[in-house]
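Read off the chains here:
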Amino acid sequence: DDDNRLFIESLSDLGVSVETIKMTLMDQGSLNDAVSDLLCLSPRLTRSLSDIVHHKTKGNPLFFSRLMSSLITEGLLQFRLSCRRWVWDEESIQSRKIPDDVAEFFTHAIGMLSPDHLNALCTLSCFGASIEISVIKILEEGLELQLQK
């Protein structure tokens, strides 16, 4: 994409060290292996879920990661103690709409944060790409929010 290339070039021109990471799409088998490993279940048991996830994410690793997290958050994928394993609602996952690109997906996820957490995120973003844990702890105390898991 030309916009991304120009942006990266402008960062490099400003002396910012830029490292490009090429991510390839996951095929259905690789994605099923990842789901199987993630849920500690046999690939045979995860095939139906991974087929749905692959269809929705088209094998994009960023989409895959974010979608799996959101399925857990939304209760569509959950660990059931009575079964001692992960279970999922295939019909609900299948009918769930997801945005067409990663940026939209993350924008939607950020939009789900509470106003207090959004303010904290804005404050933390002023510190750049990394921050000392002590700064996060000070912000947590000042805002009386839990920002870490």
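Quantities reported herein were computed from a predicted structural model and do not represent experimental measurements.

1. Quick word on the pattern of salt bridges
By the definition in use, this model includes 1 salt bridge. Among the ionic pairs, Glu74 bridges to Arg96, the shortest N-O distance being 2.6 Å. Here the residue Glu74 occupies a position in the loop between α4 (61-73) and β1 (77-80), and Arg96 occupies one in the loop between α5 (90-95) and α6 (102-111), the gap between them amounting to 22 residues.

2. Let's talk about a nonpolar patch on the surface
Together, Phe7, Ile8, Leu14, Val16 and Val18 make up an exposed nonpolar region whose accessible area comes to about 450 Å². Positionally, Val16 belongs in the loop between α1 (2-13) and α2 (28-39). Judged by its relative accessible area of 39%, Val16 falls in the partly exposed class.

3. Some points on unusual backbone geometry
Positive phi values are uncommon outside glycine, yet Lys58 reaches one of about 55°. Its place among the elements puts Lys58 in the loop between α3 (43-57) and α4. Overall, Lys58 belongs to the exposed group, its relative accessible area being 61%. The residue Arg84 is not glycine, and still its phi comes out positive at about 60°. Structurally, Arg84 can be placed in the loop between β1 and β2 (85-88). Judged by relative accessible area, which is 74%, Arg84 ranks as exposed.

Thresholds applied
- Residues numbered from 1 in each chain as written.
- Predicted model: local features only at pLDDT ≥ 70, side-chain atom pairs only at ≥ 80, totals over all residues.
- Heavy atoms only, no water.
- Salt bridge = Lys/Arg side-chain N within 4 Å of Asp/Glu carboxyl O.
- Helix = DSSP H or I, 4+ residues; strand = E, 2+ residues; numbered from the N terminus.
- Patch = residues over 30% accessible without salt bridge, like charges linked within 9 Å, V, L, I, M, F, W, Y side chains within 5 Å.
- Areas by Shrake-Rupley, 256 points an atom, 1.4 Å probe, with all protein chains shown as cover.
- Buried < 20%, exposed > 50% of the residue type's maximum accessible area, 1.4 Å probe, protein only.

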